[in-house]
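# A look at the structure
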Amino acid sequence: MYTELLRIIEGGLQKDSPKVYNYSKMLAEKMNRDGESRMAKMIMDLLDKRYSSSLTLDELSSKPVDAESRMSIVDVYLPSEKDIKPILPELTAAKVNDFINMVKRQGDLFSLGVDLNNTLLLYGAPGCGKSTVAKYIAKEIGLPLVIARLDALVSSLLGSTSKNIRKVFDYACSRPCILFLDEFDAIAKARDDQHELGELKRVINSLLQNIDSFSNTNVLIAATNHADLLDKAVWRRFHTILEIGLPREKQMSDLLRLFIGDFKTTDSFADEKKMSKLVKAITNYSGVTPADIQTIVNNAKVQVVLNDNKALSTEDLLLQLYLFKNHDNDSVEYIVKYLNDNGVSQSVISEMINLSIRQIKNILNKEN
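Residues numbered from 1 in each chain as written. Predicted model: local features only at pLDDT ≥ 70, side-chain atom pairs only at ≥ 80, totals over all residues. Heavy atoms only, no water.

Another aspect to go through is the overall build of the protein chain. Counting its secondary structure elements, the protein chain contains 18 helices and six strands. Buried residues in the protein chain amount to 45% of all 368 residues. Once local pairs closer than 6 in sequence are excluded, the contacts in the protein chain between residues at least 24 apart make up 72%. Split by element, the accessible area of the protein chain, about 20000 Å² in all, is 50% carbon and sulfur. (Helix = DSSP H or I, 4+ residues; strand = E, 2+ residues; numbered from the N terminus. Buried < 20%, exposed > 50% of the residue type's maximum accessible area, 1.4 Å probe, protein only. Contact = heavy atoms within 4.5 Å. Areas by Shrake-Rupley, 256 points an atom, 1.4 Å probe, with all protein chains shown as cover.)

Shown next as structure tokens:
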């Protein structure tokens, strides 16, 4: 409640009608949930009377655009029940939940004199789930995710990138939301990078100023695949910093089950030995991300359907894993040896790649 009141006062002082409207509406909704329905109705009635004619829908929902390209520089993502919960190591998951609870209980913290910035920096390899974490946080907090579009935000016009950054922060500041700066290194590179132009070096100063003025009562999440490129001053602006790394064996099993979903499977998934061999085969390849696992599972599902098979098997996933990681070496001989080394019987290999048992024996004997 403290956050909404501060934002309403700010909007009034700045004569920012959309900001006053959005945060007043959020305050009324929160009061209604807390059992103060009469006061909530009074606020909504006042909003309807004051803003129904003077504040149009376009003023409430229009997105900022780049002056040169006229492209929108933000996308608004509305979280839903379909959003998946990220599968993370226990300690990382606990830190994500701590951040969520910190935002939810900001009023309690404020009343006790604890003033924290709601800022989170996520870093790690591509495809490990940083965007999924941001969407999950938005879902749990119950706010839309305003995603800065870096392709439109970074302008070729002198000074326009800094102006676009300001537009993004002003837009996010005027409504209850979470601002998400993905590919953060594109605008937060170290100022001592000798390869960058002077204008791009000045962008970081604008970014830091906007973060400082934004983060006290708003929620900001940034994500980067290249943490080593970030300016040193950027790190100090974030209260919580988390690495979203490659999945471990436990997460591999959970990810497989998540992406398989309700798709029909064979009994091989109930066989602990076969599942263990599948997970071990995945971990034997370095750098397999959750996004890679999703692609492998989807490729296997496609083949099940195209081949009119009844169900998905662990052997199907082993084959698609090999093909995914060996684009330059998909010879039949190597595939046969790979499947055999991972415990797939010769009869199953024969069915999978349409070779006779005799041909498979010849390949394996040749390898030996």
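Further notes follow.
Turning to empty space enclosed by the protein, a few remarks are in order. Counting across every chain of the model gives one cavity of 30 Å³ or more. Its volume calculated, the largest cavity comes out at about 40 Å³. Around the largest cavity sit K85, P86, L88, A93, V96, N97 and Y136, which together line it. The element contributing the most residues to the lining of the largest cavity is helix α5 (residues 90-104), with three residues. Taken together, the residues that form the lining of the largest cavity break down as five nonpolar, one polar and one charged. (1 Å grid on protein atoms, 1.4 Å probe; cavity = no way out; pocket = protein on both sides within 12 Å on 5 of 7 lines; lining within 4 Å. Points joined across faces, edges and corners; volume = space filled by probe spheres on them. Nonpolar A, V, L, I, M, F, W, Y, C, P; charged D, E, K, R; others polar.)

Core analysis: the largest hydrophobic core is formed by 36 residues, its most contacted members being V96, L122, I137, I178 and I221. If you list the elements that add at least two residues to this core, you get α2 (17-33), α3 (37-51), α5, β2 (118-123), α7 (130-141), β3 (145-148), β4 (178-181) and β5 (219-224). Here the element with the most residues in this core is α2; it accounts for seven residues. Apart from the residues lying within four places of it in its own chain, the contact partners of I178 are I137, A138, I141, L143, P144, L145, V146, V219 and I221. Core analysis: the next-biggest nonpolar cluster, separate from the first, contains 33 residues, V297, L317, L321 and I363 among them. (Core = buried A, V, L, I, M, F, W, Y, C linked by side-chain atoms within 4.5 Å.)

Here strand β6 (residues 240-243) shows a buried face lined by T240 and L242 and an unburied face lined by I241 and E243. Bridging between β2 and β6 involves four bridges; their strand directions are parallel. The partner of L122 across the bridge, within β6, is L242. (Pairing = 2+ DSSP bridges.)

Before going further, it helps to examine the pairing of β2. Consecutive residues of a regular strand have side chains that alternate between opposite faces of the sheet. Most of β2 sits inside the fold, with five of its six residues counted as buried. Where β2 meets β5, six bridges bridge the pair, whose relative direction is parallel. Looking at the pairing, L121 lines up with A222 of β5.

Spanning twelve residues, α7 covers 17 Å between terminal C-alpha atoms, matching the ideal 16 Å at 1.5 Å per step. Regarding α7, the residues found buried are K130, V133, A134, Y136, I137, A138 and I141. Following α7 by one or two positions, G142 has its phi on the positive side, about 85°. (Expected span 1.5 Å × (residues − 1).)

Moving on to the packing of helix α12 (residues 249-260) against helix α14 (residues 290-306). At a minimum axis separation of 9 Å, α12 and α14 run at an interaxial angle of 45°. Taken together, the axes of α12 and α14 lie oblique to each other. Pair α12 / α14 crosses with right-handed handedness. Contact with α12, carried on its side by M252, L255, L256, F259 and I260, involves P290, I293, Q294, V297 and K301 of α14 and no other residues of that element. Class assignment for the residues of the contact of α12 with α14 results in eight nonpolar, one polar and one charged. (Axes fitted to C-alpha atoms, helices over the stretch in contact; angles between N-to-C directions. Parallel < 35°, antiparallel > 145°, perpendicular 65-115°, else oblique. Left-handed = near helix turned anticlockwise from the far one by under 90°.)

Another aspect to go through is the sheet that holds strand β1 (residues 74-77). One open sheet accounts for six strands, arranged β1-β3-β4-β5-β2-β6; its pairing is mixed. Since the sheet does not close on itself, it has two edges, and those belong to β1 and β6, each with one partner. Each adjacent strand pair in this sheet contributes to an overall mean axis angle of 20°, direction not counted. The sheet contacts of α7 involve β1, β2, β3, β4 and β5, and relative to β4 the element is tilted by about 175°.

On to the environment of E81, then. Looking at the secondary structure, you find E81 in the loop between β1 and α5. Sequence-wise, E81 and Y136 are 55 residues apart; in three dimensions their C-alpha atoms are separated by 9.8 Å.

Here the focus is the packing of α12 against helix α13 (residues 272-284). Each pair of packed helices can be described by the angle between their axes along with the distance between the axes. Running from amino to carboxyl end, α12 crosses α13 at an angle of 110°, the nearest separation of the two axes being 10 Å. Between α12 and α13, the crossing angle belongs to the class labelled roughly perpendicular. As for how α12 packs across α13, the hand of that crossing is right-handed. Contact residues: E249, M252, S253, L256 and R257 in α12; M275, L278, V279, I282 and T283 in α13. Class assignment for the residues of the contact of α12 with α13 results in six nonpolar, two polar and two charged.

It is worth spelling out the layout of surface pockets at this point. Here the second largest pocket defines a volume of roughly 450 Å³. Lining the second largest pocket are 23 residues, with C128, G129, K130, S131 and T132 sitting closest to its centre. Elements represented by at least two residues in the lining of the second largest pocket include exactly α7, α12 and α14. No other element matches the four residues that α7 contributes to the lining of the second largest pocket. A class-by-class count of the residues in the lining of the second largest pocket yields twelve nonpolar, six polar and five charged.

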